[in-house]
Protein chains: 2
Amino acid sequence: MKQIRVGLLGFGTVGAGMVKILTKNREVIESRLGASLELKWIADIDLETDRGVSVDKRIMTTDALMVINDPDVDIVVELIGGYEPAKSFVLEAIENGKQVVTANKALLARHGNEIFSAASQKGAEVGFEASVGGGIPLIRSIKEGLVANRIQGFFGILNGTANYILTKMTNEGSPFSDVLKEAQALGYAEADPTFDIEGIDTAHKLTILLSIAYGVPIDFETVYTEGISKITPLDIKFIKEFGYSIKLLAISKDDGKSIEARVHPTLIPEDTLLANVNEAYNALYVKGDAVGNVMLFGPGAGMMPTGSAVVSDLVDIGRNLLSGAIGRVPSVGYQPSYVKPRRVRSIEELDAEYYFRFSAIDKPGVLSKISGILGEHQISIKSVHQKGRDLMGAVPIVMITHEAKEAAVKKALSDIDKLDIVQDKTILIRIEDWR
Amino acid sequence: MKQIRVGLLGFGTVGAGMVKILTKNREVIESRLGASLELKWIADIDLETDRGVSVDKRIMTTDALMVINDPDVDIVVELIGGYEPAKSFVLEAIENGKQVVTANKALLARHGNEIFSAASQKGAEVGFEASVGGGIPLIRSIKEGLVANRIQGFFGILNGTANYILTKMTNEGSPFSDVLKEAQALGYAEADPTFDIEGIDTAHKLTILLSIAYGVPIDFETVYTEGISKITPLDIKFIKEFGYSIKLLAISKDDGKSIEARVHPTLIPEDTLLANVNEAYNALYVKGDAVGNVMLFGPGAGMMPTGSAVVSDLVDIGRNLLSGAIGRVPSVGYQPSYVKPRRVRSIEELDAEYYFRFSAIDKPGVLSKISGILGEHQISIKSVHQKGRDLMGAVPIVMITHEAKEAAVKKALSDIDKLDIVQDKTILIRIEDWR
């Protein structure tokens, strides 16, 4: 039986998952591929930690460069994470004529163009199914399954940690900081959770999806990013009363002229499928001009799910190696000569419905003043509630608007927040309803 | 620019969708494929009907064999439907060295082995993404996206017509026959709806999925099939009271020894994602040993969604033609030498929870008699309600059981239905909860 030889860089959680799958499912993978995936090397700076998977000590090394330079290695798998040395290793592997598989969304979101262009010049492949949506075959579905479509947009939950926290906050009414601590204790959130809770990880993934959806170069800087750390139990309570769920969403739309690309906490109607995607699960809606809305759901992270995506890339590239078809699908699904930048709209250009929570002194005429300023900025109110009297002299006034321009909203809130009767900065959460 | 030349057999709804996409999305398809998909011929016995898409009259023909024999045609698309002449055309196209794309689930469920084996011998490809789940990239996701996994099972909604009818019955409380007539008037159900409402279409699709999930030959006869035509508004009412939704599901599980393969109306907890897949939408859960549960959702039928799946196969095969890699993925995802039959369990071997509705004479001791017989057959009751008195002397007694053996259930119901106090045949609906 023919062999595809794999060199792994980075023996962390996902690396261990990949190794486990290659061992446990060797037979079924061979029966599909018609060849075997042989793990030739595992490189890691730490050879001591027990990864919970038995490995022949002789294939373990601390020398990643040796792996990249081994002429016997067909595919280099980069699971180190971060920017360096991951980037140098990937570029050197490509330079050496290797195929590459990576789960590194941060790397691709920052340096994807350089990596894909190096791969294209060398006629090499870069598989990155594991970089977005963990075990869900999202990348493949957009690049190949929906290839007949002009992608009109996509939106979804791409970070399990943030979704876990929002789910707990919704179910238990606990404050963000408590739930975060609990998530960290359970291993659902990292010691430094910044990337997950501030939307940066979601924005990395959105950046990659933009490229395969629309054939644009990767440009992380164009994505508007806002996290969930300012969401309060008070807002969650009101959100529920209005019939919404709150999710940290990646949202993009292509109106044919320009592209929208944003990550922020979002209210969605509670009776939609996406509103019922809870805990650490991910889900993405993709809208194609021919197919309509397709949704994919599953585990967006974790050792075995992400390992499953890594191995799917190994098999895919393995099939191409066996049939002499390396490069049959371009990295982002578009031929490199067709990859062209498009204008990305700023968040100020957004048209959306909004949820506002004002903290106002409890005096007659307050609502009239606030709604007056909104009216001056052409923002009309769909629904409003004035709540209780237990907030140290200030009462929350919550409202849902009709569709309005974000630029106008920002100006109106700035004016409102300057009023004497308004005590705290007004909370703004965007609403999305794609049905 | 290189050309991939396509000959279409069957210019019905899906055929028109395919042609529309090839025209409308020519540019985006070319930018991905790096070649153009050229429609060389459209063959249909009816050249007169307006399909709502403008076509050069010179490529229209009634002569399907001419298309199959044209040496310029690279890929033959069979969208005729049914068994003959579709089967002969497909086999002859393969014999002539063409690649084939088909949306014909009935054909594959009956003659898939013969077609795939002919293709394998000729080194040809048969694309059938459009045969299951309409525009949802289900086939590709199982064959390629989840390739690292031992598939442990799958279950889902694969027929939009049946789901539409059950959704309407649930929302409106109307009887099956009324909703069917309404669905026919709206074009959601065909004049002869047998395949859709009796579960046969779903069973065709399940048969195809069994093959790609487990690497077994196609064998339609092993699938247990039961439709939705006996579901009554009364049952729907009780089902809701118990906290369930009713769906026509395709269900399969692999316990490592044998396989379960069944299609029947099924109760699922109302707070699950699948319970909220309504109208004509399809959705499939696939459980892989590494990835866990992945779910795909989208439009399971229709001109443009199904056309989208057909064109995705054209691009996929086109890429293989361009890179000389025809046959890089075997038809069912497994190398032919590994495709082996497995034992499929009969419905009598099933362990499940059940919903029963008894029609019993309203006399004291009735429930005791019924539950006594159930107890004799080791069937224990989880929940029971005795309802109203408005059924012409008989009252409905509805219950949910704990897990029981289907063989025992059948015996118990046969004994119960012989009782003088029982007026009608007892209604049995299986329950499924995969959470």
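Analysis parameters
- Residues numbered from 1 in each chain as written.
- Chains lettered and ligands numbered in written order.
- Predicted model: local features only at pLDDT ≥ 70, side-chain atom pairs only at ≥ 80, totals over all residues.
- Helix = DSSP H or I, 4+ residues; strand = E, 2+ residues; numbered from the N terminus.
- Buried ≥ 20, exposed ≤ 12 C-beta atoms within 10 Å, placed from the backbone.
- Contact = placed C-beta atoms within 7 Å.
- Domains from an automatic or database assignment.
- Pairing = 2+ DSSP bridges.
- Nonpolar A, V, L, I, M, F, W, Y, C, P; charged D, E, K, R; others polar.
- Axes fitted to C-alpha atoms, helices over the stretch in contact; angles between N-to-C directions.
- Parallel < 35°, antiparallel > 145°, perpendicular 65-115°, else oblique.
- Left-handed = near helix turned anticlockwise from the far one by under 90°.
- Least-squares fit on C-alpha atoms with pLDDT ≥ 70 in both.

Caption draft 1: View of the overall build of chain A. Helix and strand content of chain A: 14 helices and 17 strands. Seen through its C-alpha atoms, chain A measures out along the principal axes to roughly 80 × 45 × 35 Å. The buried share of chain A, taken over its 435 residues, is 53%. Long-range pairs, those at least 24 residues apart, make up 75% of the contacts in chain A between residues at least 6 apart in sequence.

Caption draft 2: Structural context of the domain arrangement of chain A. Along its sequence, chain A is carved into domain 1 (2-135 + 303-338), domain 2 (138-298) and domain 3 (347-431). Here the C-alpha centroids of domain 1 of chain A and domain 3 of chain A sit 50 Å apart.

Caption draft 3: Here's a closer look at the sheet that holds strand β5 (residues 99-102) of chain A. Residues and elements named next belong to chain A. With parallel pairing, the six strands of this open sheet are ordered in space as β3-β2-β1-β4-β5-β6. Only two strands of the sheet have a single neighbouring strand rather than two, namely β3 (60-61) and β6 (126-127). As paired strands, strand β1 (residues 2-9) and strand β2 (residues 35-43) are joined by eight bridges and run parallel to one another. Considered in β2, the bridge of Gln 3 is made with Ser 36.

Caption draft 4: Seen up close, the interface of chain A and chain B. Taken together, the contact between chain A and chain B spans 52 residues of the former and 52 residues of the latter. Mapped by element, the contributors of at least two residues to the side of chain A that touches chain B are α2 (26-33), α6 (138-145), β12 (292-299) and α12 (303-322) of chain A. Looking at which element gives the most residues to the side of chain A that touches chain B, the answer is α12 of chain A, with 10 residues. Looking at the side of chain A that touches chain B residue by residue, the class counts come to 24 nonpolar, 21 polar and seven charged. With three bridges joining them, β12 of chain A and strand β12 (residues 292-299) of chain B adopt antiparallel strand pairing. Note that in β12 of chain B the partner of Phe 297 of chain A across the bridge is Met 295 of chain B.

Caption draft 5: Representation of the pairing of β12 of chain A within the structure. Residue and element names in this part refer to chain A. In terms of burial, β12 is largely enclosed, as seven of its eight residues are buried. Sheet analysis places strand β11 (residues 281-288) next to β12, joined by eight bridges and oriented antiparallel. Pairing of Gly 288 across the sheet is with Gly 292, part of β12. Linking β11 back to β12 in an antiparallel pair, the connection comprises three residues.

Caption draft 6: Examining the environment of Arg 150 of chain B more closely. Turning to its location among the elements, Arg 150 of chain B is positioned in the loop between α6 (138-145) and β7 (151-157). Taking C-alpha positions, Arg 150 of chain B is 9.5 Å from Val 291 of chain B, a pair spaced 141 residues apart along the chain. Setting aside its immediate chain neighbours within four residues, Arg 150 of chain B contacts Asn 25 and Val 28 of chain A together with Gly 288 and Asp 289 of chain B.

Caption draft 7: Quick look at the sheet that holds strand β5 (residues 99-102) of chain B. All names here are of chain B. Strand order in the open sheet formed by six strands is β3-β2-β1-β4-β5-β6, and the pairing between neighbours is parallel. With partners counted over all chains shown, the strands left at the sheet margins are β3 (60-61) and β6 (126-127), one partner each. By the bridge criterion, four bridges tie strand β1 (residues 2-9) to strand β4 (residues 75-78) in an arrangement that is parallel. Bridged to Leu 9 within β4 is Glu 78.

Caption draft 8: View of the packing of α6 of chain A against α6 of chain B. In the contact formed by α6 of chain A and α6 of chain B, the axes pass within 10 Å of each other and the chain directions differ by 125 degrees. Classified by the angle their axes make, α6 of chain A and α6 of chain B are oblique. Considering the relative orientation of α6 of chain A and α6 of chain B, their crossing is right-handed. Contacts between α6 of chain A and α6 of chain B involve Arg 140, Ser 141, Glu 144 and Gly 145 of chain A from the first element and Arg 140, Ser 141, Glu 144 and Gly 145 of chain B from the second.

Caption draft 9: Broad picture of the pairing of β2 of chain A. The pairing of β2 of chain A with β3 of chain A spans two bridges and is parallel. Its bridge partner lying in β3 of chain A, Ile 42 of chain A is registered against Met 60 of chain A.

Caption draft 10: Region of interest: the environment of Val 6 of chain B. Residue and element names in this part refer to chain B. Inspection of the secondary structure assignment puts Val 6 in strand β1. Its 27 C-beta neighbours within 10 Å are what place Val 6 among the buried residues. C-alpha of Val 6 to C-alpha of Leu 39: the two residues are 33 residues apart in sequence and 4.9 Å apart in space. Not counting chain neighbours up to four residues away, the residues in contact with Val 6 comprise Leu 37, Glu 38, Leu 39, Lys 40, Ile 75, Val 77 and Leu 314.

Caption draft 11: Representation of the relation of the copies chain A and chain B in the model. Overlaying chain A with chain B gives an RMSD of 0.0 Å, the required rotation being 180 degrees about an axis along which the chain moves by 0.0 Å. Both copies are brought into coincidence by an operation consistent with a two-fold rotation axis. For chain A, the residue whose C-alpha comes nearest the rotation axis is Leu 296 of chain A, separated from it by 2.3 Å. An overlap of 100% is found between the interface residues of chain A and their copies at the interface of chain B, pointing to a shared contact surface.

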